[in-house]
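Tertiary structure, described
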Amino acid sequence: MPETTTQEIIVRAFDVIGSPLGVSSDDGQKVHDKIAPLLREGRKVSLSFERIETIISAFLNAAIGQLYGEFPEDKIRELFSVRDMSPEDLALLKRVVDNAKLYFKNRAQFDEAWKEELGREE
Amino acid sequence: MIHKLGTIRSSREGFERLALLWSEAAILYSRELELDLSECDFFDANMAAPLGAVLALIADKFNRIEIVRVRPAIESVLRRNGFLTNYGYRPEEDSGRTTLPFARFQLDDERLFADYLKRQLEGKGIPRMTEGVGKVSQQSVFEVFQNAVTHSDSRLGIFVCGQFFPHEQRLNITIADAGVGIRSKVRAYLKNDVSSGDAICWALQGGNTTRTGSRPGGVGLKFLHDFVERNGGKMQIVSGDGFYEYGNGCGTLRLAELPGATVNLEINTADTQSYRLDSKITAQNIF
């Protein structure tokens, strides 16, 4: 893998999806597909939400959440950042990030525990 | 077939009546359904969304539908929001601009839905809220819509309708689909014969999702639940014979099953709370 380069690449979500609305998984996937190859090359990436008016969890799960299935957490912390996000959108991103970490860590155990719980109620 | 539909409020009884309509009319094929509203003394405008979904399923089996004997006050409400114009009634102007008109979207119409929402919410209370609350309210509505897009498999589309109550400072919006329902997806995923009520409760828990694969899920409905709690709003989710109401938990419809899934959201537009993060968490340390 190439060395980490110091110059940060700014990926502008608005330009990738061509709209101020991050309200679909498919648009989130387009953003992800811009970010992931750069991280794989060891580039620093900052995702800008300038001119984005509305985002939802499905968009963020596809754009950012799935990175946790592809890269170790410390790599994401080292190379990836966001900017130009409103405080409310940051709150949603926090939920998405925390959920993605759990989703990729202990999904099977989590589901098994639920099955047992539901089985007890019946 | 003639079916007499009683009063329809955003309540368990209202949903029971729509479920009964479906259970009786589901057998029709290339016939006629006369929906008689003479015994309906009240109709919550937003409930046109699940009624629209049920009627779309009936019409899909080549049945002709006629809505008759509608009382004048109800006819006026359902003409103003455009619902009855689908059944041959003349439109009526919404001079007070308090309705979010009845609309039907296809599953890939996310941007059309966004345009609808933006156009319809202007002047209906959301601008009076703080910018942050308005933003989170819109996110919540989008989450409901996206949930239907992702999980419903509703080839007949997604049905939306709402009503703004300026004096009460409340906005009701309902999103219904005519898809497979929450239970079937959760059963297939958990490989467990959960009831509809349990399936709804399962889906509301943070981290629970029937999604598999590289894109995580399980945030949207929990986000919605937490928003309703903080906003002082209301939420109902109905699917199959499962009936969930925020504050009262999960229960069952006693008489029949409603196809697809419906989410009723009531937003308190007088809300001025903050929906921001704990100040210790920033864009720099969020990952």
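Residues numbered from 1 in each chain as written. Chains lettered and ligands numbered in written order. Predicted model: local features only at pLDDT ≥ 70, side-chain atom pairs only at ≥ 80, totals over all residues. Heavy atoms only, no water.

1. Let's talk about the state of the cysteines
Residue and element names in this part refer to chain B. Evaluation of the coordinates by the stated rule reveals one disulfide over all chains. Covalently, C201 is tied to C250 through a disulfide, its sulfur atoms 1.8 Å apart. Taking the sign of the torsion about the S-S bond as the criterion, the disulfide between C201 and C250, at about 115 degrees, is right-handed. Here the residue C201 occupies a position in helix 7 (residues 196-204), and C250 occupies one in strand 9 (residues 249-252), the gap between them amounting to 49 residues. Taking the relative accessible area as the measure of exposure, C201 reaches 25% and is therefore partly exposed. Classification of C250 as partly exposed rests on a relative accessible area of 30%. Among the cysteines around C40, which has no disulfide bond, C161 carries the closest sulfur, lying 14 Å off. (Disulfide = S-S within 2.5 Å. Helix = DSSP H or I, 4+ residues; strand = E, 2+ residues; numbered from the N terminus. Buried < 20%, exposed > 50% of the residue type's maximum accessible area, 1.4 Å probe, protein only.)

2. Examining the environment of Q146(B)
Structurally, Q146(B) is set in helix 5 (residues 131-151). With 36 residues separating them along the chain, Q146(B) and E110(B) place their C-alpha atoms 7.7 Å apart. Ignoring anything within four residues of it in the chain, the contact list for Q146(B) reads V23(A), S24(A), S25(A), I56(A), A58(A) and E110(B). (Contact = heavy atoms within 4.5 Å.)

3. Description of the interface of chain B and chain A
Each partner contributes to the interface: chain B provides 44 residues, whereas chain A provides 53 residues. Summed over both partners, the interface of chain B with chain A comes to about 4200 Å²; 56% of that surface belongs to carbon and sulfur atoms. If you sort the residues of chain B by the area they bury against chain A, R215(B), P216(B) and F287(B) come out on top, with a joint share of 21%. Our count for the chain B to chain A interface comes out at four salt bridges. At the surface where chain B touches chain A, the tally comes to 17 residue pairs in polar contact (both at pLDDT 80 or more). (Buried area = accessible area lost by both parts, 1.4 Å probe. Salt bridge = Lys/Arg side-chain N within 4 Å of Asp/Glu carboxyl O. Polar contact = N/O pair within 3.5 Å; in protein donor to acceptor, adjacent residues only side chain to side chain.)

4. Things to note about the confidence of the model for chain B
Averaged over chain B, the pLDDT score is 91; the fraction of residues at 70 or greater is 97%. Scored as a whole, the predicted complex attains pTM 0.91, and scored at its interfaces, ipTM 0.85. (pLDDT = per-residue confidence, 0-100.)

5. Side note on the sheet that holds strand 1 (residues 2-4) of chain B
Residues and elements named next belong to chain B. If you trace the three strands from one edge of the open sheet to the other, you get 1-2-3, paired in parallel fashion. The outermost strands of the open sheet, each flanked by one partner alone, are strand 1 and strand 3 (64-68). Each neighbouring strand pair of the sheet contributes to a mean axis angle of 20 degrees, computed without reference to strand direction. (Pairing = 2+ DSSP bridges. Axes fitted to C-alpha atoms, helices over the stretch in contact; angles between N-to-C directions.)

6. Some remarks on the packing of helix 5 of chain B against helix 8 (residues 220-231) of chain B
Residues and elements named next belong to chain B. Axis separation between helix 5 and helix 8 bottoms out at 9 Å; the angle between their running directions is 140 degrees. You can see that helix 5 and helix 8 cross each other, and the crossing is left-handed. Across from V136, S137, Q139, S140, E143, V144 and N147 in helix 5, the residues of helix 8 making contact are G220, L221, F223, L224 and F227. A per-class count over the contact of helix 5 with helix 8 returns six nonpolar, five polar and one charged. (Left-handed = near helix turned anticlockwise from the far one by under 90°. Nonpolar A, V, L, I, M, F, W, Y, C, P; charged D, E, K, R; others polar.)

7. A closer look at helix 8 of chain B
All names here are of chain B. With twelve residues, helix 8 should cover 16 Å at 1.5 Å per step; its first-to-last C-alpha distance of 16 Å lies within 8% of that length. Burial of helix 8 is extensive: nine of the twelve residues sit out of reach of the surface. Within helix 8, burial applies to G220, L221, F223, L224, H225, D226, F227, V228 and N231. Count one or two residues on from helix 8 and you reach G232, which has phi positive near 75 degrees. (Expected span 1.5 Å × (residues − 1).)

8. Thoughts on the packing of aromatic side chains
On inspection of all chains with the given rule, the structure shows 15 aromatic pairs over all chains. Between the aromatic rings of F83(B) and Y87(B), the centroid separation amounts to 5.5 Å while the plane-to-plane angle is 45 degrees, which identifies the pairing as tilted. Using a relative accessible area of 1% as the deciding quantity, one classes F83(B) as buried. Relative to F113(B), the ring of F105(B) lies with its centre 5.5 Å away and its plane at 90 degrees, an arrangement referred to as edge-to-face. By relative accessible area, which is 6% here, F105(B) ends up buried. Each member of the aromatic cluster is reached from another via a ring pair, and the members are F105(B), F113(B), Y116(B), F142(B) and F145(B). Above the ring of F14(A), the side-chain terminus of R51(A) is found at 4.0 Å from the ring centroid. In this structure, R230(B) is placed above the aromatic ring of Y275(B), and the distance from its NZ or CZ to the ring centre is 5.4 Å. (Phe/Tyr/Trp six-rings, centres within 6.5 Å; stacked < 30°, edge-to-face > 60°. Lys NZ or Arg CZ within 6 Å of the ring centre and 35° of its normal.)

9. Examining the side chain of E88(A)
Mapped onto the elements, E88(A) comes out in helix 5 (residues 87-121). For E88(A), a relative accessible area of 7% puts it in the buried group. Contacts of E88(A), omitting those with residues within four sequence positions, involve G132(B), K135(B), V136(B), Y275(B) and R276(B).

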